[in-house]
There are 2 protein chains.
Amino acid sequence: MLYLIGLGLGDAEDITVKGLEAVRRCGRVYLEAYTSLLPAGREALEKFYGKELILADREMVEQEADSILKDADVSDVAFLVVGDPFGATTHSDLVLRAVNLGIPYRVIHNASIMNAVGCCGLQLYNFGETVSIVFWTDTWKPESFFDKIKKNRQNGMHTLCLLDIKVKEQSVENLMKGRKVYEPPRYMSVNQAAEQLLTIIQNRRLQGEEPEITENTICVGLARVGAQDQKIASGTLHQMSTVELGGPLHSMIVTGTMHPLELEMLKLFSVDSSTFENNAFQRNT
Amino acid sequence: MLYLIGLGLGDAEDITVKGLEAVRRCGRVYLEAYTSLLPAGREALEKFYGKELILADREMVEQEADSILKDADVSDVAFLVVGDPFGATTHSDLVLRAVNLGIPYRVIHNASIMNAVGCCGLQLYNFGETVSIVFWTDTWKPESFFDKIKKNRQNGMHTLCLLDIKVKEQSVENLMKGRKVYEPPRYMSVNQAAEQLLTIIQNRRLQGEEPEITENTICVGLARVGAQDQKIASGTLHQMSTVELGGPLHSMIVTGTMHPLELEMLKLFSVDSSTFENNAFQRNT
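All of these numbers come straight from a predicted model, not from anything done at the bench. (Residues numbered from 1 in each chain as written. Chains lettered and ligands numbered in written order. Predicted model: local features only at pLDDT ≥ 70, side-chain atom pairs only at ≥ 80, totals over all residues. Heavy atoms only, no water.)

Some details on the sheet that holds strand β7 (residues 159–163) of chain A
Residue and element names in this part refer to chain A. Note the threshold: For two strands to be treated as a pair, DSSP must find at least two bridges joining them. Only DSSP runs of H or I with at least four residues qualify as helices, and only runs of E with at least two residues qualify as strands; both kinds are numbered from the N terminus onward. Structural elements are reduced to axes, namely lines fitted to C-alpha atoms, with helices fitted over the stretch in contact, and the angle between N-to-C directions of any two is expressed from 0 to 180 degrees. Any two residues whose heavy atoms approach within 4.5 Å are treated as being in contact.
In space, the 5 strands of this open sheet follow the order β6-β7-β12-β10-β11, with mixed pairing throughout. Of all strands in the sheet, those bounded by a partner on one side alone are β6 (131–133) and β11 (231–236). Each strand of the sheet is rotated relative to its neighbour by a mean of 25°, with strand direction disregarded. Where β6 lies against β7, 3 bridges are found, and the strand directions are parallel. Bridge pairing links Ser132 to Leu162 in β7. Packed on one face of the sheet, helix α9 (residues 190–206) meets β6, β7, β10 (218–223) and β12 (250–254) and runs near 40° to β12.

Now the structure itself:
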């Protein structure tokens, strides 16, 4: 049996009781280590589970999937994923490969950022399409996510923005020389995401567009959701460019039309309570 | 401290290790019992937690919230919610009331239907707005959810349809006589939801509209997601009107534009594999 087990978002104890029992029963336990980050770290997990974990980076999952699935038809193998196994990144490839090999699989779900963002008080059924905001480079500054946020907002919907993660990236030089030397991991902050959005707004104004989203649009910055030290900050997009939220992972929400109860909840997390007095209803006009 | 603890979707063991520890520490433990249904049932939870649970129905949460929060500033109280505390139904009211009383609160997340639907292989970031399909009555047959599904589909997005739950409903007669006698609980099935959608499609055709969604649109029926006996079935909307999925809770997805990998996953669950051969690409045209 292949178990795909969600670890949730915080520390080792965010695994479900069912998930923990499955991990302890499995012969080999892989930890997916390229699409997210569990603040706890591998050692803490190993200690809590009483099991050695095999780190599965992107190369391994994509190129050596058969080694992960080896003997899973006759023994139990676990594949651990931060959040939910079918959260922001799905592991359909691995599932399809298992099914084709006649290996039964089972999913043990957990919270992912896709549902845990509800903790800020914005209602999940008022969210439109989720977008990813990628790190801009000197030569590549895509703006397509902005148009998706705009469309959601025009429909009155909030947008969850997942912020870029660069893990095991190679510099162009190392890539060209075929050296498997990797850059330090980078995680986009709410500040950086807000800066990129503000730049796009300026660009659009230069093109004569009056953007649907402005510096004054109410946003929510979230850091380390589900962890003991999670932080939530609500305020204008401009405030998001300077708010202090600490270490990764960060996410950001651009709000659409807010229900009064949603607004009450957001006020609990306001960077500056006067923002909501001046701003909250203006944005619905 | 007020703990809002998600129970996940399956049985007692779907609580997180952290959640279980909090439950065992708390003086009073409430179980929210009106927006969802844990297949396990209350007794199984009580046995597993080693705690007596106080059932909190809608009346209690809305009218006696202060009794739930009593002494939570000096002792620990748990409020258990099937799925995630901020999933399909948020408990913002209770949180705001706690904050106003100076009671600290903590959320312990878990999977909810809002993220666990990813198990069918459709990617969560390809979902648009979630809709609720309500039971029609003789005199009330709203169609507004259809237009939201249509809009999502026009944008290429999938739609998660949450299906109606009627718990502790009173008949008109009992309501008028002020008798607290309740009807048996009712849970909408995928068959019923599909029937209502098919009726709307017929209505729209009579009005001269060529609906974006037809009998042949690919849908996914899901039952008891996260439980040991979960069932997933993919096929046309017409097939959804007769598919056998067993007991509650059910949800349904109306697909938008599908990525080949999403399609491969859906084929694993097809009611009739020939449907996908004939139909799958037609719907993207």
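Now, onward.
A short note on the sheet that holds strand β4 (residues 77–81) of chain B
Whether parallel or antiparallel, the strands of a sheet pair through hydrogen bonds between backbone atoms. Residue and element names in this part refer to chain B. Read from one edge of the open sheet, 5 strands run β3-β2-β4-β1-β5, paired in parallel fashion. Of all the strands in the sheet, the pair left with one neighbour each is β3 (54–56) and β5 (105–108). Here the strands of the sheet are splayed against their neighbours by 25° on average, with no regard to which way each runs. Across 5 bridges, the pairing between strand β1 (residues 2–6) and β4 is parallel. Bridging across to β4, Tyr3 finds its partner in Ala78.

Side note on the domain arrangement of chain A
One frequent convention defines the size of an interface as the accessible area lost when the parts assemble. Residues and elements named next belong to chain A. Test applied: By convention here, the domain bounds are inherited from an automatic or database domain assignment. The working definition used for a salt bridge is a side-chain nitrogen of Lys or Arg within 4 Å of a carboxyl oxygen of Asp or Glu.
Taken as a whole, chain A is organised into domain 1 (2–111) and domain 2 (114–284). One C-alpha centre belongs to domain 1, the other to domain 2, and the line joining them spans 29 Å. Between domain 1 and domain 2, the residue contacts involve 14 residues of the former and 15 residues of the latter. The interface formed by domain 1 and domain 2 holds 0 salt bridges in total.

Points about the relation of the copies chain B and chain A
Selection rule: Residues reaching a pLDDT of at least 70 in both copies supply the C-alpha atoms on which the copies are superposed by least squares.
When chain B is brought onto chain A, the operation consists of a screw motion whose angular component is 180° and whose axial shift is 0.0 Å, with 0.0 Å RMSD remaining. Taken together, these values place the two copies in the relation of a two-fold axis. Interface overlap between copies: 100% of the residues of chain B at the interface are likewise at the interface in chain A, consistent with a symmetric, same-surface contact.

Details of the environment of Gln170 of chain A
Residue and element names in this part refer to chain A. Under the convention used in this document: The classification of residues rests on relative accessible area computed with a 1.4 Å probe and restricted to protein chains. Under 20% of the type maximum is buried, over 50% is exposed, and intermediate values are partly exposed. Here a polar contact means two N or O atoms within 3.5 Å. Within protein one must be a hydrogen donor candidate and the other an acceptor candidate, and residues neighboring in sequence count only if both atoms are side-chain atoms.
Note on placement: Gln170 falls in the loop between β8 (165–166) and α8 (172–176). Assessed through its relative accessible area of 27%, Gln170 is described here as partly exposed. Linking Gln170 and Tyr182, residues 12 residues apart in sequence, is a C-alpha distance of 4.8 Å. Side-chain polar atoms of Gln170 contact the backbone oxygen of Arg179, separated by 2.7 Å.

A few points about the pattern of salt bridges
Under the definition given, this model contains 35 salt bridges over all chains. When the shortest N-O distance is used, the salt bridge between Arg204 of chain A and Asp147 of chain A registers 2.9 Å. Here Asp147 of chain A lies in helix α7 (residues 144–154) and Arg204 of chain A lies in helix α9, a separation of 57 residues in the sequence. Here Arg204 of chain A falls in the buried class, since its relative accessible area comes to 7%. Owing to a relative accessible area of 33%, Asp147 of chain A belongs among the partly exposed residues under this scheme. Between Arg42 of chain B and Glu46 of chain B there is a salt bridge, with its nearest N and O atoms 3.4 Å apart. Of this pair, Arg42 of chain B and Glu46 of chain B both sit in helix α2 (residues 42–49), 4 residues apart, which is roughly one turn of that helix. Through salt bridges that share partners, Glu143, Asp147, Lys150, Arg204 and Glu209 of chain A make up one connected network.

Describing the pairing of strand β2 (residues 28–32) of chain B
Within a regular beta strand, the side chains point alternately toward one face of the sheet and then the other, so they alternate between its two faces. Residue and element names in this part refer to chain B. Counted residue by residue, β2 has 4 buried out of 5 residues, so it is predominantly covered. When β2 meets β4, the two strands line up parallel, connected through 4 bridges. Looking across to β4, one finds that Arg28 is bridged to Val77.

A short note on the nonpolar core
As a reminder of what qualifies: The definition of a nonpolar core used throughout is a set of buried Ala, Val, Leu, Ile, Met, Phe, Trp, Tyr and Cys residues joined through side-chain atoms within 4.5 Å.
In this structure, Leu2, Phe79 and Ile253 of chain A together with Leu2, Phe79 and Ile253 of chain B are the most contacted members of the largest nonpolar core, which totals 90 residues. When sequence neighbours within four positions are dropped, the list of residues in contact with Phe79 of chain A reads Leu2, Tyr3, Leu4, Ile5, Tyr30, Glu32, Ala56, Val61, Ile68, His91 and Leu94 of chain A.

A few points about the packing of α7 of chain A against α9 of chain A
All names here are of chain A. The following threshold applies: Throughout this description, any angle smaller than 35 degrees is read as roughly parallel, any larger than 145 degrees as roughly antiparallel, any in the 65 to 115 degree range as roughly perpendicular, and the remainder as oblique. Three classes are used, and their members are as follows: Ala, Val, Leu, Ile, Met, Phe, Trp, Tyr, Cys and Pro are nonpolar, Asp, Glu, Lys and Arg are charged, and the others, Gly among them, are polar.
It is at 10 Å that the axes of α7 and α9 come closest, and there the two elements cross at 85°. On the basis of the axis angle, α7 is roughly perpendicular to α9. Only Gln196, Leu197, Ile200, Ile201 and Arg204 of α9 make contact with α7, whose side of the interface consists of Phe145, Phe146, Asp147, Ile149 and Lys150. Counted by class, the contact of α7 with α9 contains 6 nonpolar, 1 polar and 3 charged residues.

Considerations on the UniProt feature "binding site: S-adenosyl-L-methionine" (unreviewed entry) in chain A
To keep it simple, the criterion reads: UniProt positions are given in the numbering used here, feature names are shortened, and annotations may be inferred rather than shown by experiment.
UniProt tags Leu9, Asp84, Gly87, Ser112, Ile113, Leu163, Val225 and His250 of chain A as "binding site: S-adenosyl-L-methionine" (unreviewed entry). The contacts of Leu163 of chain A, once residues within four sequence positions are left out, are Ile133, Met188, Ser189, Val190, Ala193, His250, Ser251 and Met252 of chain A. Along the polypeptide, Val225 of chain A turns up in the loop between β10 and β11. We classify Val225 of chain A as buried; its relative accessible area is 5%. Once residues lying within four places of it in the same chain are set aside, the contact partners of Val225 of chain A are Leu9, Ile113, Ala116, Cys119 and Gln230 of chain A together with His109 of chain B.

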